[in-house]
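Structural overview for review
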Amino acid sequence: MVIYCHVLKKWLDSGCEMSRVILRSMGVGIAVLVGGIILVAVIGTPLTLHYLSSYPPPAPNEEIGLDLVTIVRVHPAASVLLPLTFFAAGFLWGLRRFSRATG
């Protein structure tokens, strides 16, 4: 709570400087979001391929369809909450870092 009061006080005192801090923090948040998506893709793709390769083969004379969407089954909440968490973490880290007093 003290951090937020400090940030709010700096916002009210500095005017234009705080808007620059917010824009820089948004940039950090977007960069962390993009990096997180790349990281999830780099880790998720090999895990999915490993899961698919370890899937048991079908019985003789039996057809099976492996649809990636049904295997992975990403919940809609996870597709919204995970990127939002990445952005919020990057934004708050940037806000805390850039709103420090210099000098």
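Note that the structure is a prediction, hence the values are computed from the model and not measured.

Considering the overall build of the protein chain
Check the secondary structure of the protein chain and you find four helices and zero strands. Sequence-ordered secondary structure for the protein chain, helices as α and strands as β, is α-α-α-α. Counting only residues that meet the buried cut, the protein chain has 15% of its 103 residues in that class. Of the contacts formed within the protein chain by residues at least 6 apart in sequence, a portion of 77% connects residues at least 24 apart. About 8,200 Å² of surface is accessible on the protein chain, with carbon and sulfur atoms providing 71% of the total.

Here's the deal with the packing of aromatic side chains
Counted by the stated rule, this structure contains one aromatic pair. Where phenylalanine 87 meets phenylalanine 91, the ring centres are 6.0 Å apart and the plane angle is 20°; that geometry is what we call stacked. With phenylalanine 87 and phenylalanine 91 both in helix H4 (residues 76–98) and four residues apart, the pair spans about one turn of that helix. By relative accessible area, which is 25% here, phenylalanine 87 ends up partly exposed.

Overview of the environment of isoleucine 37
Tracing the backbone through its elements, the reader meets isoleucine 37 in helix H2 (residues 16–53). Note: C-alpha distance between isoleucine 37 and phenylalanine 86 (49 residues apart in sequence) is 8.8 Å.

Quick notes on the environment of valine 34
In this structure, valine 34 sits in helix H2. Residue valine 34 is classed as partly exposed on the basis of its relative accessible area, which comes to 44%. Sequence spacing of valine 34 and proline 83 is 49 residues, and the spatial spacing of their C-alpha atoms is 8.8 Å.

Describing the nonpolar core
Counting seven residues, the largest nonpolar core is built from Met18, Val21, Ile22, Val28, Phe91, Leu95 and Phe98. Elements supplying a minimum of two residues to this core: H2 and H4. Residue contributions to this core peak at four residues, all from H2.

Comments concerning the confidence of the model for the protein chain
Mean pLDDT over the protein chain: 76, with 67% of residues reaching 70 or higher. Here helix H3 (residues 68–72) stands out as the element of the protein chain with the lowest mean pLDDT, 58, in contrast to H4, whose mean of 85 is the highest.

The rules behind each value
Residues numbered from 1 in each chain as written. Predicted model: local features only at pLDDT ≥ 70, side-chain atom pairs only at ≥ 80, totals over all residues. Heavy atoms only, no water. Helix = DSSP H or I, 4+ residues; strand = E, 2+ residues; numbered from the N terminus. Buried < 20%, exposed > 50% of the residue type's maximum accessible area, 1.4 Å probe, protein only. Contact = heavy atoms within 4.5 Å. Areas by Shrake-Rupley, 256 points an atom, 1.4 Å probe, with all protein chains shown as cover. Phe/Tyr/Trp six-rings, centres within 6.5 Å; stacked < 30°, edge-to-face > 60°. Core = buried A, V, L, I, M, F, W, Y, C linked by side-chain atoms within 4.5 Å. pLDDT = per-residue confidence, 0-100.

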